[in-house]
Structures are given as structure tokens and as C-alpha cells.
Amino acid sequence: MPATRARLLVMNAALGPLDYRVPEGMLIQHGSVVVAPLGPRQVTGIIWEEEKLPTSPVPESKLRPLLAIVDVPPIRAELRRLIEWTADYYIAPLASVARMVISSGGALRGPATMIEYRLSGGMPERMTPQRERAIAALEGEQATIRELSGLAGVSEAVLRGLVNQGVLEPVEVDIDRPYTGARHDYDEPELSEQQTEVSARLVEAVAAEKFAPILLDGVTGSGKTETYFEAVAQALKGDRQVLVLLPEIALTEAFLSRFEARFGAAPITWHSSLKSTERRRAWRAIASGEAQVVVGARSALFLPYANLGLIVVDEAHEISFKQEDGVRYNARDVAVMRGHFESIPVVLASATPALESLHMADSGTYEKLVLPARYGGAQLPDIQLVNLNDEQPGRGSWIAPPLRRALEDRLERGEQSLLFLNRRGYAPLTLCRNCGFRFQCPNCSAWLVEHRLSKRLACHHCGHETAPPEKCPECGEPDCLVACGPGVERIADEVAEILPDARVALVTSDTLNSPERAAEFVAMAEAKAIDVIVGTQLVTKGFHFPELTLVGVIDADLGLEGGDLRAAERTYQQVAQVAGRAGRGAKPGEVLIQTRHPEAPVIAALEAGDRDAFYEAETDARRHAGAPPFGRWAAIIVSSEDDAEARMAANRIGDTRPRLDDVMILGPAPAPLSLLRNRYRYRLLLNARRSAQLQQVIRDWLSRVDHPPGVRVGVDIDPYSFV
Ligand code: ADP
Ligand code: ZN
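Parameters and conventions
Residues numbered from 1 in each chain as written. Chains lettered and ligands numbered in written order. Predicted model: local features only at pLDDT ≥ 70, side-chain atom pairs only at ≥ 80, totals over all residues. Heavy atoms only, no water. Near = heavy atom within 4 Å. Polar contact = N/O pair within 3.5 Å; in protein donor to acceptor, adjacent residues only side chain to side chain. Areas by Shrake-Rupley, 256 points an atom, 1.4 Å probe, with all protein chains shown as cover. 1 Å grid on protein atoms, 1.4 Å probe; cavity = no way out; pocket = protein on both sides within 12 Å on 5 of 7 lines; lining within 4 Å. Sits in = over half its atoms within 2 Å of the grid points. Helix = DSSP H or I, 4+ residues; strand = E, 2+ residues; numbered from the N terminus. Donors = N, O, S within 2.8 Å, 3.2 Å for Na, K, Ca; no water. Tetrahedral: all angles 85-135°; square planar, octahedral: opposite > 155°, others 65-115°. Expected span 1.5 Å × (residues − 1). Buried < 20%, exposed > 50% of the residue type's maximum accessible area, 1.4 Å probe, protein only. Contact = heavy atoms within 4.5 Å.

Draft legend 1. Structural context of the site of ligand 1. The environment of ligand 1 is made up of 15 residues, and the closest members are E190, Q195, G221, K224 and R258. Y375 is positioned such that a nitrogen or oxygen atom in its side chain is 3.1 Å from a nitrogen atom of ligand 1. Within the side chain of H544, a nitrogen or oxygen atom sits 3.2 Å from an oxygen atom of ligand 1. For ligand 1, the accessible surface in isolation is 560 Å², of which the surrounding protein chains cover 80%. Assessed atom by atom at 2 Å from the grid points, ligand 1 resides in the second largest pocket. It is helix 7 (residues 224-237) that contributes the most residues to the shell around ligand 1, 3 residues altogether.

In C-alpha cells, the structure reads:
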């Protein structure tokens, strides 16, 4: 018998579940996406199991009828369970999680077309240099006006002129046109013996169609990608979909070309800067099962795959898998849960796995597959410390003599170097020489970072920007501003001074801000048109430049500052990853690490190349501190635009704290970043034993406290950022 009433999870976090009447003739099932009336408006919702979504009963006579079923496949039970798990674990509203599934409004509208333009073969009445350029550049192209304008390097107005003249003609295209298919046997590589062994196991796991969490632990350059591609091939053979999560969009370009070379077609990409038409096309192809392989940022994890057969999380240790606003989830961990609900293997690939992941492998919860050597006989680089206490760089300089000599040496030999400093901009702090005034963000408790290339002072937290003033805003003295400390721009300047003939490339999210720029950089580095690369964490992973033989770490101590619980681990990972860029080809690599603390355990482990020693020391420290994986952390962040209001709310929460043996509660205290985007922030930290029902404790606790509407209370389970 068809259902007559239905419970709806509506896409609005402020509302609870709502019941509706199912009009006669409407055939719904659990997971159907529907449109329902809400007051004078309409809402989208997902039909849910009533027993999973309790609410107070509404009499039959009060129910309003559903309006329509949206023409997309129902959200499958496996994904509904993942939505529930995520909301429960991260203490987030179900609707907020579900919105990450229904993440393209456009996809819910029926079939659609769009207009593209191409050359008609006609000529304009009046030729101008711009028009001439456009016509020459657009031969064989078909795209929207905006895209054509980018391709031809002329303004959209010029192209509209050509449309009016009939030189460009409109073509109606189906937005959901099919993607080119990937072929599992397009160009099969010859794997090394080690790679063959590991890939055979991965292929077997995909064929088994069962849950299998696997840690693929392979040194940099061991061919992890090549190896898991065989698992992708197996999924393609079996007509199952594959999701590959990457930490950084800047990395996708190199990945796409590699993928295309192996499988004969590019995968589908998913990230926040997709155009809405691309987003819709991808979403619908994923939901229908047409999409074979999706490569994306963490948000791709929640898409409604019809037939998922494998998830790969590449560079799985990366902290960008942790979302820091909205639903604060860790895509690496949720990926494993998705694998559990879908009954498929999940591969976490890394050369420097998170301690948590290694622990899971060592305790037998995850299977561990190891690639211990670089592919093709390339050696891991030689690592040396430069003790900055002995080898001091000159005044206003950050490159110590040994690193300087190594750079000169590489330039002479025609080899490439890479300098790493994880700080964007020119200088992290600007002050007045006369009165000591420091430039601070008006919205955040943070210094403004000077960006000399783009001539601005910028806040890296809220995006506030201002032009550097001619005189000090405090004392009025002209030309008195001094830059303190280095950012990558300043290091690039120093390289240009030391090596005036070197071709220097600056690689940060400011310069490599689009797939095109990323592709351009890779092409130039491969063509040896770059001698020295100076970059932030963006250059630490993914890139493979065979001629790069020197890596210099400008300041290995930088990451150890601040109260971050994973500071040592992160420093280890960053330096090991960037070191992994050296000597990937035939020539051996050398790594110089500048530090003031050569005795720090993490620095000593890096020098010795002793990964196990580092992980053992770090494991002991974590066990001792009751930190993950031995205990658990959670943060409660209370904020308001009004400082007193935020403080009072935090105190009210603090005053009602539960007294428990297995949960220690610290705070409230002002957060280290006590003002962020104009909101004052206070923080409580919870450290719990593994046995504690942490989420239940927090939920019960917070539900007892009421706040004025201006107060926001956020919960961060397994936090990465402690600011
Ligand atoms: P990782 O991800 O472990 O750092 P990659 O997969 O990027 O390593 O491999 C390093 C380099 O070695 C890449 O240029 C890759 O194309 C090459 N490579 C690895 N395995 C093979 C193979 N079996 N055949 C040919 N080239 C390979
Ligand atoms: Zn700011």
C-alpha cells in the first residue's frame, strides 16, 4: 500500500523533522528528494525513516500535502546512515550534513541547456586588432562568452560585439552531456615487484566488495599513485565508481594529466570553485552512476554516488581534510565510515601517515601495505641540519652560508633548488620605526601580513586588506615602516640578490591560484625554465621534478611554536614531504634544514631519517598527555560580536559543567585568536578517556544552557586547530 504520510528531513538546520501527507498517486520511498510547503514558502527535503527521526506527533488532519518529487535518484540508505553518523559524531544538525549531499541547487532542476558560442566563419564589417586577435584565438573553440574571453584574452564586450555581427554564433548545448569514458586498460604501466604485490592486494580488496580500511604507507616517490591506479582500474572493470580525495585543488592539475595518461580520459573534478553548471552536471552524473571516477576536495565525500566501489584519500595526513567551519568534520575519518556503510575498501595513502592512522594499522584495525623504496632505484635524499646558532645569516637575511653555497652550486650545475617557508607574503609583521606602532587587523587579534607583490597589508584570517600607508597612522612619521621577519616573497628577493641570474618562481596560494597557473608552473619547472622555486606548503607534496636536487627548509622551528597539540607531527610531516621533492630522478638529492633547535626530538629524527624513532617518541608523548589516539579532545567555542556577552555565555556553560571521572574540562578562557571576524571568542577544552561517551556528555550539557540570539556555540570534535 502506498504511504499516506511521510517524515521529512528538511534542508534547514533551524527546523526539526516535519510530517506531510503524501498526495494520491505520488510514489515516494525513503530517500526521495521532495518539495514541500512551509508557511508561504517551499522547502526541499529528504523522505526519512520515521523511527530514525523522532518528532512529536501531528494529527492526520493537520498535515499539508507534499508538492512534488524531484527527479533525481533517491538518497540511498547507505548515505542516509552516513548522514546520521556524521551529525551524531560531530554534534551537527542533520540538515547541515544533508546539505553537503544536496550540494547543487541546480542539480535538482530538470534537464537543462545552456548557450555556448563558436565562430560562424563570417567576418565583421569593421576589423579591429582586438577582433582579429579574438578570431585567431577562437578557431575550433566552443564555450560561454566568459570562457571564450579568457581563452582569447579580450574583454567580454569585444566578444558580444562579434555576436551581434554574427561572427560568433550561438549553439544550444545540453548541460548534462555525457563525460568521456575512462578505460581501465588504456595504458597499463609496468609495475615494480613491490608495487605489483601491493597493487594485487588493492585489486583483490576492490573485487571483494567488502569494507576494508587500508593504510598505503609508501615513501615519497615510491609510486603510491601508480599503485592505487590499479585498484581504480579494477573498479572501472567492475563498473563501480571511484572517489579520490586530494587535499589541495592546486594538486589536481598534475593528477588529472597523470590520470588521463593512464585511463585515456580525465576524471570528473569536484571542488568549491566549480561553475554552477559544471557542479550540476557532475552531481547528476554522480547520482545517476554515469560518473566513473571523481577527484575532489573533501566536500566530494558526501556526494550521492550511485554505485561507489572504492575511496582513496591521497596525502591522507593533510590537515586540509579537516573542515573548520559549518560541520567540523575530518574527511579522512568520515571516508572510512563511508567505506563501512558502503561495504567497500578505503585506501589512505601517505608517506607520513597521521599518528592516529598508524596506530589503527598497528592495532590491526586497518590493514597496512608498505612501499619502502623509491621507484626506479632513486635514493632518498641526504639530510643535513644547518644550526642557525652557529651559522648566522647576515642582517636582514634568512639564508645561512651553507644553504647559500648549496644554491650557488646547483645553479652552476644547472640543477633545480626548492626553498620552503610556510609563510605567505613578504613579512608577517609591519611596525613603525619611530613609535613602535604595529599594524593589526581591525576584525581579528592578528597582525597584518605585508604582501609586497600586490602592494597590500592583509589579514590571513578574515581577508581584511588595506594599502600600506605612506606614513605611520599613529605618529604621522613618513617612510618609517619596517618589515619584520620573512615571508616567501622576501626569501625570493634574497635569492634574487644572491643569484642575480637565477630564474626564481614564487609558489603560494597567491600566485598559483587557478588550475591554469598551476599547469603553467609545472610545465615551466619540467622544461627547466625555473632554477629556484620558493614556496609555502603548496610545494611540499605531489610535485615530481626530476632535476630538483636541493631542498632548503628556511625555518624548521616555525611549526613548533604555538600550542598546537600536533605541532611536532605536523613539522615532521611538512619537512619530510618537502624533503621528498629532492632527488626524485637519476641525480641524488640533498636537503638542508635550518634550525635553532637541532636537539629537538623531531628535528633530530628528521636529520637521522629515522621515522620510527620520531613516531615512537611522539606516541609516548601522546599517551602521556592522554591525547589522540589514546584519549580524545573536543573544543567548545563560544562567540559573539559583544565581548561581555560572549564571556558571560562561556561562563554560564562553564558553571554548568558536568563532574565526570573520565572527562576533564578546561576553561573557559579567551581563545588564542580571541577576536576573529569581529567576533569575540572564548573556549573550553575537553580531554576525555576513550571510554567516555564524549558526544553524549556535550549534547546533554549544552542542551541545558540557553543563550541570547547573538551568541554562537560551536563544537569541534577531534580538533586540529587550537586557536
Ligand atoms: P608517490 O605518490 O609515492 O610520491 P608517485 O606515484 O608520484 O609516487 O611516483 C613517483 C614517480 O615515479 C612518478 O613520476 C611516477 O610516474 C613514477 N613511477 C612510479 N611507478 C612507476 C612505474 N611502475 N612505471 C613508471 N613510472 C613510475
Ligand atoms: Zn582579520
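Once you've had a look at it, read on.
Draft legend 2. Structural view of the coordination of the zinc ion (ligand 2). Within the protein, C441 (SG), C444 (SG), C459 (SG) and C462 (SG) serve as the donor atoms for the zinc ion (ligand 2), at 2.2 to 2.4 Å. Taken together, the 4 donor atoms coordinating the zinc ion (ligand 2) and their angles of 101 to 115° define a geometry best described as tetrahedral. For the zinc ion (ligand 2), the single-chain donor residues occur in sequence as C-x2-C-x14-C-x2-C.

Draft legend 3. Main features of helix 10 (residues 331-342). The terminal C-alpha atoms of helix 10 lie 16 Å apart, and with 12 residues this matches the ideal 16 Å at 1.5 Å per residue to within 8%. Within helix 10, 9 of the 12 residues are buried, which leaves the element mostly enclosed by the surrounding structure. All buried positions along helix 10 are accounted for by A331, R332, V334, A335, V336, M337, R338, G339 and E342. Buried residues belonging to helix 10 abut helix 1 (77-89), strand 8 (212-218), strand 9 (241-245), strand 12 (308-314), strand 13 (345-350) and helix 11 (355-362). Capping the start of helix 10, N330 holds a side-chain oxygen 3.0 Å from the backbone nitrogen of R332, two or three residues further along. Count one or two residues on from helix 10 and you reach S343, which has phi positive near 55°.

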